[in-house]
Amino acid sequence: MEDKKINPNTKYTILFLITSVVFLGMFIFPNISLASTISASSSGSIFAGDTAIIDVYLNTENQTINSIDGSILLRDENGGNFEVKDISLVNSAFTMWPRKPSLEDDYKIYFVGGVPGGVKSDRALLFRVIVKINQSGTFTIKPNGLLAYVNDGLGTEVKIIKDSSSISVGESKGEPKDLWLETISNDNVPPEPFTIKIIQDENLFDGRRFAYFETTDSSSGIDYYEIREGSNPSVRTGTSYVIISEEKKVELIVTAHDKAGNFRVATLNKKDPINWISVLVSVLVIFVGVKIVKIIRRRRRKNA
């Protein structure tokens, strides 16, 4: 793929500007609108000791929401006898995460998410919380200062009014189940194919060239990316990487790993390896062809 310098009309700059407008609008135009609700549920019954997958949903209440900002609180009636193992964005309705859901203080998940054009749904998946709950009782998820924003160009605020969602945890029944481990164990499909794009914009990374890449994984989710530039060592990165080389043409190899250990590789300006088998076959064909031509010529001379 050719190295190219983009201008403000390209989709990458537009995407950057849209994101900036969306999140600046939250603070510049703090209009109050109607309310939305948060809910949470598990795919099946949970018993003490199980590692469960809890889905957190947003009901936009017939409004088109393009961003959400705040946190949720995780509680149980046993003084915090649970452990958050992971947070998954697989199949989330939100595609842009200025701040991906992250756990703080052992019981609070912060996040800032957005989706260009907005989403209108009574059950828009935000993310999944993978949690091991060690005792029976009631496990709750409660919004904490959460605000959503309408896709109206004004950053109109939408308060989240739902108090909490309660999930019942039964007494232990034999060997604990780990639904997340089952999901990962059954995932043998690599992430989706993707491409690497070289971008340069004066508004990003001090005008330096950077590589942009992103893919999805429909089962266990993307765990991390690795990138190697030329002969430099591989480094872990997010979905962008500032290029070191000053050369116009740069060689990049990006590997996307999912949480099950599957991976997908994308390359840019990488020379294809020499297929020595094909080379040997070609040489052999040429050699045999030359021999055949010589034999035919000899026979023609004898018959002349």
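Here the structure is a predicted model, which means the values were calculated and not measured.

Asks: Can you lay out the overall build of the protein for me, pointing to particular residues and giving the numbers?
Replies: Summing up its helical and strand segments, the protein has 3 helices and 18 strands in all. Within the span of the protein, comprising 304 residues, buried residues form 40% of the whole. Restricting the contact set of the protein to residue pairs at least 6 apart, pairs at least 24 apart contribute 71%. Accessible area for the protein stands at about 17,600 Å²; split by element, carbon and sulfur atoms hold 51% of it.

Asks: Tell me about the pairing of strand β18 (residues 263-268), and please be specific about residues and values.
Replies: The pairing of strand β17 (residues 252-258) with β18 spans 6 bridges and is antiparallel. Within β18, the position partnered with histidine 257 by the bridge is phenylalanine 263. In textbook terms, the turn of a hairpin is the stretch between consecutive antiparallel strands, and for β17 and β18 this stretch comprises 4 residues, one of which, glycine 261, has a positive phi near 95 degrees.

Asks: Describe the pattern of salt bridges, listing the residues and the values that go with them.
Replies: Using the criterion set out here, one finds 4 salt bridges in the structure. The partner of lysine 85 in a salt bridge is glutamate 83, with the nearest N and O atoms 3.7 Å apart. On the basis of relative accessibility, which here comes to 39%, the residue glutamate 83 falls in the partly exposed class. The residue aspartate 86 makes a salt bridge to lysine 259 at a minimum N-O spacing of 3.0 Å. Residue aspartate 86 is located in strand β5 (residues 82-88), and its partner lysine 259 is located in the loop between β17 and β18; the two are separated by 173 residues in the primary sequence. The exposure class assigned to lysine 259 is partly exposed, which follows from its relative accessible area of 21%.

Asks: Residue-level account of the sheet that holds strand β12 (residues 197-199), with values.
Replies: The 3 strands lie next to each other as β12-β13-β16, forming an open sheet whose pairing is antiparallel. Every other strand in the sheet has two partners, leaving β12 and β16 (240-242) as the edge strands with one partner each. Neighbouring strand axes in the sheet, compared pairwise and without regard to direction, differ in orientation by 25 degrees on average.

Asks: Could you give me a rundown of the side chain of arginine 209, with the residues and numbers involved?
Replies: Locating arginine 209 in the fold gives a position in the loop between β12 and β13 (210-212). A relative accessible area of 12% means that arginine 209 is categorised as buried. A polar contact of 2.6 Å, which involves the side chain of arginine 209, links it to the backbone oxygen of glutamate 247.

Asks: Can you lay out the nonpolar core for me, pointing to particular residues and giving the numbers?
Replies: Residues Ile68, Ile72, Leu74, Phe127 and Phe139 are the most contacted members of the largest nonpolar core, which totals 35 residues. With 6 residues, the single largest contributor to this core is strand β8 (residues 124-133). Once you skip the residues sitting within four places of it in the chain, leucine 74 turns out to touch Phe82, Val84, Tyr107, Ile109, Val129, Phe139, Thr140 and Ile141. Grouped together as the second largest cluster of nonpolar side chains are 15 residues, Val250, Leu252, Ala266 and Leu268 included.

Asks: Just give me the short version of unusual backbone geometry, but keep the residues and values in it.
Replies: One non-glycine residue, glutamate 61, lies in positive phi territory at about 55 degrees. Looking at the secondary structure, you find glutamate 61 in the loop between β3 (51-59) and β4 (65-76). Residue class for glutamate 61 comes out partly exposed when judged on its relative accessible area of 36%. Even without a glycine there, the phi angle at asparagine 91 is positive, about 65 degrees. In this structure, asparagine 91 sits in the loop between β5 and β6 (96-104). For asparagine 91, a relative accessible area of 53% puts it in the exposed group.

Conventions we followed
Residues numbered from 1 in each chain as written. Predicted model: local features only at pLDDT ≥ 70, side-chain atom pairs only at ≥ 80, totals over all residues. Heavy atoms only, no water. Helix = DSSP H or I, 4+ residues; strand = E, 2+ residues; numbered from the N terminus. Buried < 20%, exposed > 50% of the residue type's maximum accessible area, 1.4 Å probe, protein only. Contact = heavy atoms within 4.5 Å. Areas by Shrake-Rupley, 256 points an atom, 1.4 Å probe, with all protein chains shown as cover. Pairing = 2+ DSSP bridges. Salt bridge = Lys/Arg side-chain N within 4 Å of Asp/Glu carboxyl O. Axes fitted to C-alpha atoms, helices over the stretch in contact; angles between N-to-C directions. Polar contact = N/O pair within 3.5 Å; in protein donor to acceptor, adjacent residues only side chain to side chain. Core = buried A, V, L, I, M, F, W, Y, C linked by side-chain atoms within 4.5 Å.

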